[in-house]
Amino acid sequence: MIGVIADPAEHDVVREFFELFKTPWEFCRKDRQYDVLLCAGEGQFDATAKLVLVYAGRKTRFDEQRKIQTPRQPMHGSAVSFRGNRIPIYGDAITFSGKESSVLIEEDSEECAAYLEESNDRVLARIGYDLFSEVRTLLTVGQPAANASMPALELHIAFLRELITGCRVRLVEIPPVPGGCQFVACLTHDVDHPAIRQHQWDHTMFGFLYRAVFGSLRRLFRGQMSAQNLFRNWAAALQLPFVHLGLAKDFWGEFDDRYLELEKGARSTFFVIPFRNQAGSGSHGPAPALRAARYGAQDLAGTIRKLATAGCEVGLHGIDVWLDSSKGHEELEEIRRLTGVSEIGVRMHWLYYNQQSASTVEAAGAAYDSTIGYNETVGYRAGTTQVYKPLAASQLLELPLHVMDTALFYPSYLNLTPHRAKVVLGPMIDNAVRYGGTLTINWHDRSLAPERLWGGCYRDLIQEMKSRDAWFSTAGQAISWFRKRRSAIFETDSMQVGKVRAQVAAGHGDYLPTLRLRVHRSRNPSQIGCRSSDDYVDMEVEETNSPAVTPEARR
Ligand SMILES: [Zn+2]
């Protein structure tokens, strides 16, 4: 059990952090003994626990008492390195010049950013940044695109876990890993352009012609497109007048059949726009007219029925729900009317969002949001692979968006070849396997058709995730699984030190994978940073009563 000492103003972020690092903890009570005390900032503590962790990015009374040498001013915007992984630090950070420890190294100064002090079987660890202020920054402001590739929040959890188990304390947690799988793969599709026939003499049609005729040539020379696909695009451009005359098939239509065929039973989520010709609002007045879609969900009534029958989910591709809860309510109602489903999730068109959006989307009545990601790159805006509760929301959960096709291939964004895209996505699949959580992909409705023809990369990505034991779920199912995990309760028996049970209430849906209870073995401080593969045991958490776990018995 971890006892946490933190400023009451930080209690909301502490609670959310321990939903993501799901292990027994509580705010420190004077009458209780703890294996681990986690002290943030200037909090006073009684150092009787086996391990005391002091996180602070500035010099504290604790450092003064011990006459620890620290720089006069804390650093800002630094990065530390843990087991070869960079962890960006967005708030204050300090180093400890007199200390030799290599547990955590500040990147620029190459000085020690965390050290351990051992005495009488107890360990004191001083870490030179403020954990909860970092978590707050990640879950609110998020990371700049330059740091997108770093799952910073997962790295903070991994480092804390390593400190605990490396200081001879056994640890029990419910990892963000569904039973029987390695991670959750969420395939999603923003439906922006379901028919080219709806675009006559407009920006989209001319853009298509330019990219199909000239852009394809450039992509061929850059190794981004095969000659066969170049000819497919030229043929599509020649066909366009006949599509408009109704004499040829609309090659942007039937996106539903293409995805159902390609995904073969891996149920995906389609976010559809509620009303046609509405650009909605931007942060400073009306959004650009280009944001308006030429269709409304009503036009796709047949497609919506077909997708539902195939087990796919249909969500709202929101126009104003990020800014206005009553308009958001109308948008959600339109999707409810067409799907007959009451629980509707949201992803905003053009990923419009601000700091208040989580509470606005919640007030509109959405089941979840899946907007937090980047337009211009791929990676971890909130630093996490996991579904989390934005601090501004009371119930709403966020399924972060990690990979968008347009970010990979648009010339103004990453402009990758299919081969380079694979190289960029490989480490993201590795991260999903290493840390659990989800890998959320957005492949747009028209991305399999001319002139994009991005199906090859998508097919390879799905294949790779299948071979790495992903659970393919709709966005709503992923949210339900994380809600189930959040509802799990640890029961610690204070009379029997180290005995932990975990329970989860039944009724989250039979189709959801089970939860795992993971028992990490304790190790010596000298082993911090050298993880072997067999240092934990997993077991299933039952829906009603889980087996009692006695870490002492599992040595
Ligand atoms: Zn969109």
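Residues numbered from 1 in each chain as written. Predicted model: local features only at pLDDT ≥ 70, side-chain atom pairs only at ≥ 80, totals over all residues. Heavy atoms only, no water.

1. A few points about the pairing of strand β5 (residues 75–82)
For a regular strand, side chains alternate in direction, first toward one face of the sheet and then toward the other.
Reasoning step 1: Here 7 bridges tie β5 to strand β6 (residues 85–93), and the two strands are oriented antiparallel to one another. Across the sheet, the residue bridging to Ser 81 is Arg 86, located in β6.
Reasoning step 2: Where β5 hands over to β6, the hairpin turn is made up of 2 residues, of which Arg 83 adopts a positive phi near 50°.
Reasoning step 3: With 2 bridges joining them, β5 and strand β7 (residues 104–106) adopt antiparallel strand pairing. By the bridge assignment for β7, Val 80 is matched with Glu 106. (Pairing = 2+ DSSP bridges. Helix = DSSP H or I, 4+ residues; strand = E, 2+ residues; numbered from the N terminus.)

2. Some details on the coordination of the zinc ion
Reasoning step 1: Protein ligation of the zinc ion involves Asp 192 (OD), Asp 192 (OD), His 317 (NE2) and His 349 (ND1), the donor distances falling in the range 2.1 to 2.7 Å.
Reasoning step 2: Here the donor residues of the zinc ion share one chain and are spaced in sequence as D-x124-H-x31-H. In this pair, Asp 192 is assigned in the loop between β11 (183–191) and α5 (203–221) and His 317 in strand β15 (residues 313–318), connecting sequence segments 125 residues apart. The pair formed by Asp 192 and His 317 is uniform in burial state, with each residue classed as buried. (Donors = N, O, S within 2.8 Å, 3.2 Å for Na, K, Ca; no water. Buried < 20%, exposed > 50% of the residue type's maximum accessible area, 1.4 Å probe, protein only.)

3. Points about the pattern of salt bridges
Reasoning step 1: Counted according to the given criterion, the structure contains 31 salt bridges.
Reasoning step 2: Between Arg 136 and Glu 10 there is a salt bridge, and its shortest N-O distance comes to 3.3 Å. Here Glu 10 lies in the loop between β1 (2–5) and α1 (11–20) and Arg 136 lies in helix α3 (residues 131–140), a separation of 126 residues in the sequence.
Reasoning step 3: Assessed through its relative accessible area of 25%, Arg 136 is described here as partly exposed.
Reasoning step 4: With a closest N to O distance of 2.7 Å, Arg 58 and Asp 92 form a salt bridge. With Arg 58 in the loop between β4 (51–55) and α2 (61–65) and Asp 92 in strand β6, this residue pair connects regions lying 34 residues apart in the sequence.
Reasoning step 5: In this structure, a network of salt bridges that share partners links the residues Glu 10, Asp 12 and Arg 136. (Salt bridge = Lys/Arg side-chain N within 4 Å of Asp/Glu carboxyl O.)

4. Side note on the packing of α5 against helix α6 (residues 227–244)
Packed helices, taken two at a time, are described by the angle their axes make and the gap between the axes.
Reasoning step 1: Look at α5 against α6: their axes get within 9 Å of each other, and the N-to-C directions meet at 165°. As the angle between them shows, α5 and α6 are arranged roughly antiparallel. In terms of crossing hand, the pair formed by α5 and α6 is left-handed. For the pair α5 and α6, contact is made by Met 205, Phe 208, Leu 209, Ala 212, Val 213, Ser 216, Leu 217, Arg 219 and Leu 220 and by Ala 227, Leu 230, Asn 233, Trp 234, Ala 236, Ala 237, Leu 240 and His 244, respectively.
Reasoning step 2: Residues of the contact of α5 with α6, tallied by class, amount to 13 nonpolar, 3 polar and 1 charged. (Axes fitted to C-alpha atoms, helices over the stretch in contact; angles between N-to-C directions. Parallel < 35°, antiparallel > 145°, perpendicular 65-115°, else oblique. Left-handed = near helix turned anticlockwise from the far one by under 90°. Contact = heavy atoms within 4.5 Å. Nonpolar A, V, L, I, M, F, W, Y, C, P; charged D, E, K, R; others polar.)

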